[in-house]
Amino acid sequence: MGDSRFLQACRRRPTDRTPVWLMRQAGRYLPEYQRLRERYSLLDLCRQPELAAEVTLQPLRRFPLDAAIIFADILWPLGALGIHVTFASGEGPVIAEPLRTPGQIDRLPAEPDEAAFQATGEAIRIVRRELPSSVAVIGFAGAPFTLASYLIEGGSSRTYLATKRFLLEHRSAWERLLDRLCDLTVRYLHMQVAAGADAVQLFDSWAGALAPDLYRTAVPPWTRRIVHAVQMLGVPVIVFSTGTAGFLDLVAETGADVIGVDWRIDLDRAWQLIGERAIQGNLDPAWLLAPREELRAAVRQVLERAGGRPGHIFNLGHGVLPETSPDAVATLVAEVEAWSGRRSVA
């Protein structure tokens, strides 16, 4: 993968232009994905490797992106712990029996059933065979804190009050839960790398729900273990979180090769906080709903804040919104290619 500008940027090496990919680049805003969903459920798409690979490849057929991220759901590997997840229309994932007591934590199986997530590995193999070496394949997983918050809340939340209460009242059980999720995630990501993933991203989507002092003790120790375990395999790791602009320096302590940032902080300021490492981001996804010239100007502003320094991967500050037009994504990708190509990233 020496000719992949995405991987070069992960290593903070010079590239001919800024690499670009988008979180949720595969999925609900694409008409071809919507047609698949008319026939298959989300779980069907995750369970069947050929379908997961097809969804992963759909945006690559439309746009000259520098990376493909494998299609799966963040909660998919929890099936290896016997956790039953359903997806209610318009409501997102639902866990029928949330983990609210230490006893429930202790009843989780000691060894995950790795067969439960092997479909993702086969999908990665298919995608890696289909794409040229210039396009990287990204594996991903949920970080322990975010997985734990889903398990405790029973789904998404606005306040994460049940998660915080469990963390504060049952610290020992919290740590046992994160130990279990850490082990699960390491196994899941090792499998993805063995299948052909060139890099992995950890989504800690809900870490910004915590205050900095609580975050420092309740999150990075476990994330660091995962980052180190994957880096030992020779692939770069991206850690992405939202709402953490106020303590990006603590996020950087996870040791990740690349820190993904949301749109709530200017990119150059974020880079000052994370120090000498690569950065990914950080256009507000709402700009994809704006008139084209305003979208182009917003893309250029992010690139200007990067200043042509090596180690910038252009992305959104969160996933593509379902209301987004594919033409807007095409405009964004073309602008990154045109503008950054005029000033080689050296």
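Up top is the structure these notes are about.
Reading the values: rules and limits
Residues numbered from 1 in each chain as written. Predicted model: local features only at pLDDT ≥ 70, side-chain atom pairs only at ≥ 80, totals over all residues. Heavy atoms only, no water. Helix = DSSP H or I, 4+ residues; strand = E, 2+ residues; numbered from the N terminus. Rg over C-alpha atoms; globule rule 2.2 N^0.38 Å. Buried < 20%, exposed > 50% of the residue type's maximum accessible area, 1.4 Å probe, protein only. Contact = heavy atoms within 4.5 Å. Areas by Shrake-Rupley, 256 points an atom, 1.4 Å probe, with all protein chains shown as cover. Lys, Arg positive; Asp, Glu negative; His and termini not counted. Charge placed at Lys NZ, Arg CZ, Asp CG, Glu CD. Axes fitted to C-alpha atoms, helices over the stretch in contact; angles between N-to-C directions. Parallel < 35°, antiparallel > 145°, perpendicular 65-115°, else oblique. Nonpolar A, V, L, I, M, F, W, Y, C, P; charged D, E, K, R; others polar. Phe/Tyr/Trp six-rings, centres within 6.5 Å; stacked < 30°, edge-to-face > 60°. Lys NZ or Arg CZ within 6 Å of the ring centre and 35° of its normal.

Undergrad: What is the right way to look at the overall build of the protein chain in this model?
TA: Looking only at helices and strands, the protein chain features 15 helices and nine strands. By the compact-globule yardstick of 20 Å for 346 residues, the protein chain fits well, its C-alpha radius of gyration being 19 Å. Its C-alpha atoms give the protein chain principal-axis dimensions of about 60 × 45 × 40 Å. In the protein chain, which comprises 346 residues, the proportion classed as buried is 58%. Sequence separation of 24 or more characterises 74% of the internal contacts of the protein chain that already satisfy a separation of 6 or more. When the accessible surface of the protein chain is totalled, it reaches about 13700 Å², and 49% of it is carbon and sulfur. Placing the 38 positive and 40 negative side-chain charges of the protein chain at their respective mean positions leaves the two points 2 Å apart.

Undergrad: Is there a simple way to explain the side chain of Arg-17 in this structure?
TA: Along the chain, the position of Arg-17 falls in the loop between α1 (5–10) and α2 (31–37). What makes Arg-17 buried here is its relative accessible area of 7%.

Undergrad: Is there a simple way to think about the packing of helix α8 (residues 161–169) against helix α9 (residues 171–195) in this case?
TA: For any two helices packed against each other, the geometry is given by the interaxial angle and the distance between the axes. With their axes 5 Å apart at the nearest point, α8 and α9 run at an angle of 110° to one another. When the interaxial angle is binned, α8 and α9 end up roughly perpendicular. Contacts between α8 and α9 involve Thr-163, Phe-166, Leu-167 and Glu-169 from the former and Arg-171, Ala-173 and Trp-174 from the latter. When grouped by side-chain class, the residues that make up the contact of α8 with α9 number four nonpolar, one polar and two charged.

Undergrad: I'm lost on the packing of aromatic side chains in this one. Help?
TA: Considering all chains together, one arrives at eight aromatic pairs under this definition. With a centroid separation of 5.8 Å and an interplanar angle of 55°, the aromatic rings of Phe-145 and Trp-174 are classed as tilted. In this pair, Phe-145 is assigned in helix α7 (residues 144–153) and Trp-174 in helix α9, connecting sequence segments 29 residues apart. What makes Trp-174 buried here is its relative accessible area of 0%. An aromatic cluster is present here, built from Phe-140, Phe-203 and Phe-240 joined pairwise through their rings. One Lys or Arg, Arg-264, reaches over the ring of Trp-263 and ends 4.2 Å from the middle of that ring.

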